[in-house]
Each structure stands twice: as C-alpha cells, then as structure tokens.
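Coordinates in review
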Amino acid sequence: MEPFYLIVIGVVVLVFLFMAIINRYRRCPSDKILVIYGNRGNSKSAKCVHGGGAFVWPIIEDYAYLSLTPIGIDANLTNALSRQNIRVDVPCRFTVGISTEPESMLAAAERLLGQTPQQIQELARDILFGQLRLVIATMSIEELNSDRDKFLEAITANVEVELKKIGLRLINVNVTDIKDESGYIEALGQEAAAKAINEAKVRVAEQERNGEIGKAEAVRETRIRTAEANAEAVKGENEAKIAIANSDAVRREREAEAQRKAVAAEKVANAQALEEAYAAEQKAENARADRERASQQANVIVAQEIEKKRLVIAAEAEAEQKRVNAKGEADAIFAKMEAEAKGLFQILTKQAEGYDKMIQAAGGDATKAYTLLLLEKLPDLVKTQVEAIKGINIDKVTVWDNGGGAGDGKTSTANFLAGLMKSVPPLSELFDQAGMALPEYLAKKKEEKPEAPSEAEE
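This text gives an overview of the structure that appears in the document. Note that the coordinates shown come from a computational prediction; the quantities given were computed from them, not determined experimentally. (Residues numbered from 1 in each chain as written. Predicted model: local features only at pLDDT ≥ 70, side-chain atom pairs only at ≥ 80, totals over all residues. Heavy atoms only, no water.)

1. Description of the packing of aromatic side chains
The relative placement of two aromatic rings is captured by the distance of their centres and the angle of their planes. Put simply, the rule reads: In this scheme Phe, Tyr and Trp rings, the latter by its six-membered ring, pair at centre separations within 6.5 Å, and the angle between planes marks the pair as stacked below 30 degrees, edge-to-face above 60, and tilted otherwise. Relative accessibility thresholds used throughout: buried, under 20% of the residue-type maximum; exposed, over 50%; partly exposed, between the two (1.4 Å probe, protein chains only).
Tallying each qualifying case throughout the model produces one aromatic pair. Ring geometry for Tyr63 versus Tyr65: centroids 5.9 Å apart, planes at 80 degrees, classification edge-to-face. Taking the relative accessible area as the measure of exposure, Tyr65 reaches 33% and is therefore partly exposed.

2. Some points on the pairing of strand S7 (residues 87–98)
The test is simple: Only when DSSP finds a minimum of two bridges between them are two strands counted as paired. Secondary structure elements are taken from DSSP: a helix is a run of H or I of four residues or more, a strand is a run of E of two residues or more, and numbering for both begins at the N terminus.
Where strand S6 (residues 71–81) and S7 come together, nine bridges link them in antiparallel fashion. When the bridges of S7 are listed, Ala75 appears paired with Cys92. Here S6 folds back onto S7 in antiparallel fashion, the turn holding five residues, of which Asn85 has a positive phi close to 60 degrees. Bridge analysis of S7 against strand S8 (residues 168–175) gives seven bridges, and the strand direction is antiparallel. Across the sheet, Gly97 pairs through a bridge with Arg169, a residue of S8.

3. A few points about the layout of surface pockets
Selection rule: The way it works is a 1 Å grid over only the protein atoms, where trapped points that fit a 1.4 Å probe form a cavity and open points with protein on both sides within 12 Å along at least five of seven lines form a pocket, and then any residue with an atom within 4 Å of a point lines it. Grid points are joined across faces, edges and corners, and a volume is the space filled by probe spheres set on the points.
Reported here for the second largest pocket is a volume of approximately 160 Å³. Lining the second largest pocket we find Tyr65, Leu66, Ser67, Thr69, Ile71, Ile98, Leu112, Gly114, Gln115, Pro117 and Ile120. Contributing elements (two or more residues each) for the lining of the second largest pocket: strand S5 (61–67) and helix H3 (117–137). No other element matches S5, which puts three residues into the lining of the second largest pocket.

4. Focus: the sheet that holds S5
Under the convention used in this document: Axis angles are defined between N-to-C directions and span 0 to 180 degrees, where every axis is a line fitted to C-alpha atoms and, for a helix, only to the segment in contact. By definition, residues are in contact when any of their heavy atoms lie within 4.5 Å.
Spatially, three strands are ordered S3-S2-S5 in an open sheet, and the strand pairing comes out antiparallel. The sheet terminates laterally at strand S3 (46–49) and S5, the two strands that pair on one side only. Between one strand axis and the next, the sheet turns through 25 degrees on average, direction left out of account. Both strand S2 (residues 32–38) and S5 contribute to a ladder of seven bridges, which runs antiparallel. Looking across to S5, one finds that Lys32 is bridged to Ser67. In this fold helix H2 (residues 102–111) packs onto S2, S3 and S5, with an angle of close to 125 degrees to the strand it touches most, S3.

Laid out in structure tokens, this is it:
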C-alpha cells in the first residue's frame, strides 16, 4: 500500500504545481502595460509587455501594471519673457500619456511605476512649464501672435524630448489667447485693425471713382448707340415692309396651289378610305360568320361530347359501384355463413363431447345414457304437453245434455271432457314411442286383467 500512497501524493503535488504555474501566467489588457520585475538575468531592470501575456515566476519575480489612460494637464504659464523681453501669459492645455515604444515603456517602468496619476501629472507639469518658457524666450511677440504653427512645432519638438526621458509622450497641445502685461499684443491688434480699415476705405474710394467714370462713359455710349439703333431700326422697318409685301404675294400664290392640291388629295383620300372601309367591312362579315359557325359547333358538338363523356363516366362509376357492392355483399354472406358454420361446428363438437362423457358416466351403456338425457328433457316435455292446451281460449261452453249416457254409465258432458284430456298424449305413450319405459317411481303399469272365458270354453 505504501507505493500507492506515494503515487497519490506525487500526483497531488504535480497537480498543485501545475495549477500554481497556470495561476502565475498574466495577460496584459490593451489599455495597460505589464511590468515584470525581480531577478532578471539580463541588463534590463524590468520586462514590459503590451497587448500580450507573460509567465511570472513565483517568489523570484513579481508584476505590476502601468495605465495608458491619457492625462490632461493645464499649464497656464504667466509672466514668461519673450525674445523682446516682454512678459506674456500663455494659457495651454497638454494631453500626455505613457508611450508604448520599448525604450519609453522601460523608462516609464523605472520612473513612474508605483506613482499615482496625480504624481505623474505634477511631474509632467514641471517639465512642460520649463520647456514652454524656453520656447517663448526664443520667439518674438509677433511670431507668438501670428505664427501659431511655428509655436506649436517648437513646443512639440522641445517637450517630447524631455517627456520621453520619463516614458511619456505628448498627445495634444491646445494654446488659447496669448496676452501681455504691456498691451503690446493688443496694440498690434489695433494697428492691424486700423491699417485694414484705412486700406478698405481707399479701396472703397477707388471703386466709387471708377464707378462714376464708368457711369459717364456708359451714358455717352448709350446715347450714341441709341441713335444708331434708331436709324438702323427705321431702315430695317422699311426693308421689312417690302419683304413682308413680297412674302405675302408668294404666300398667297403658294396657299392657292396648296389649296388645289389639298382638295384633290382629299378627294383621292376619301375614295381610298371608302374602298378600304368596304373591304374591311367584308372581312369583318366573313370573320363574324366564321365566329358564329365556330360558336354553334362549340355550343352543340362540344356540349354533346361532354355529355357523352359524362354518361360514360357515370355508367362506369355505377358499374364499379355495383361491383363493389356485390363483392361486399358476397363477402358479408360468406363471412356470415362461415361464422354460422364455425358456431354450429363448435356446438356439435361440444354436444358430442358431452354425450361421450355422459356415456362414460353411464358405464359405457348408451341406453342408460339416452335415458338420462331424456330424463333431463322431461320438464321440457311436460311443458310441451301443458302448452298444447294452454293456448285454447274457451270463452263460453254450452252443453245440451239430455241426461243420457253411454254404455259405461257416463254422461255425454263427461265423455267430452275426457276426450279433451285424452287429446294430450300421456308420458307413457311418449316413452313407448321412444322405445323406453318410465321408471317405476314415476308410474306403474296396470296389471293385465285375465281375459274372460269364451263361450266355447264354457
């Protein structure tokens, strides 16, 4: 049993180690950097993983996460000296975040791991303020106010280098209105506005002058052109009237010729139309006759053919119905006769079996068995005798008896009743006819009386 226990313990240990190894595998989310630190076998102080996973050895290694969430920093710089020694206020808002470049991730792991977002924000703000003052000191007020692209490029170039040292990168810079305490920028704005207004006024005056000159020239040109146009109009009117008269003459001539041709063409067209109409009517009548003929054929012949098919189908259906009914009746009669035959066969079989058992009970004597069977039917025989006179309905019996009697001393009425009773066969006669004798306990035979001696013997 000891080897078995050792095997079980070994399996448990292996399972425990396997589960421990699985639990030490760490996956890095997309918005974080996984930093593995501890006993590193190379010159790097930590291993940084982004968007994947890595195994963290227990005891000798540990891990932490750096967030890639952007950080917004307000850097409202005041009293910064420009290249002209004019103090200006430059309100800016920077957006920074931890870079995912390998060198920057390692720098962030070395300098930002374990710090809160507020601490990282304060550290970045100090770097931004210093670089922002440096950039403003290299630029004039005019450049700061007018060339914003150059200003932003200078900020980006200087700030990114310093932020990269601690593992951060610049995401966005937003510079609002720049102000100075001496009012120089405002004066520049007023100067530019006044200059723009004066230039606009000069351009307006020049345009008004050009407009008046153009107006006068337009009036002169209009009067000249109007006179020329009037002269040309009168000349044109006269020429137009001549052309109209010539045109009217030509028009009337052509209208007469066209009228003549139109009348002739109309008569020819009417004749052709009548001819085509007559031909069309003839074709229509022929078509109508054909349609009537086809309609009559369709109404008579087709109807008779349909009636013929209907009668044939009805006759076939009736014949099929009769065949089905005859077959059904024959099957029913056969089934009934077969059932009756089977029932009769069963009855006769059971009767034969009963008779056989009855003979066996009578010791093998068929006569005794027959007697027993007859005795069993004796109540039915008696009932039959009673039923013979039971149905006689004697409403009234009228007897005219003169008191006379027969030779045996009985009256005629007594003889009538005795004859009526004798009409029912007695049991003894029934048994005699069947070749049997009543048992002695049912009836005893009368002793035969000795015959009277004949006269010869006397």
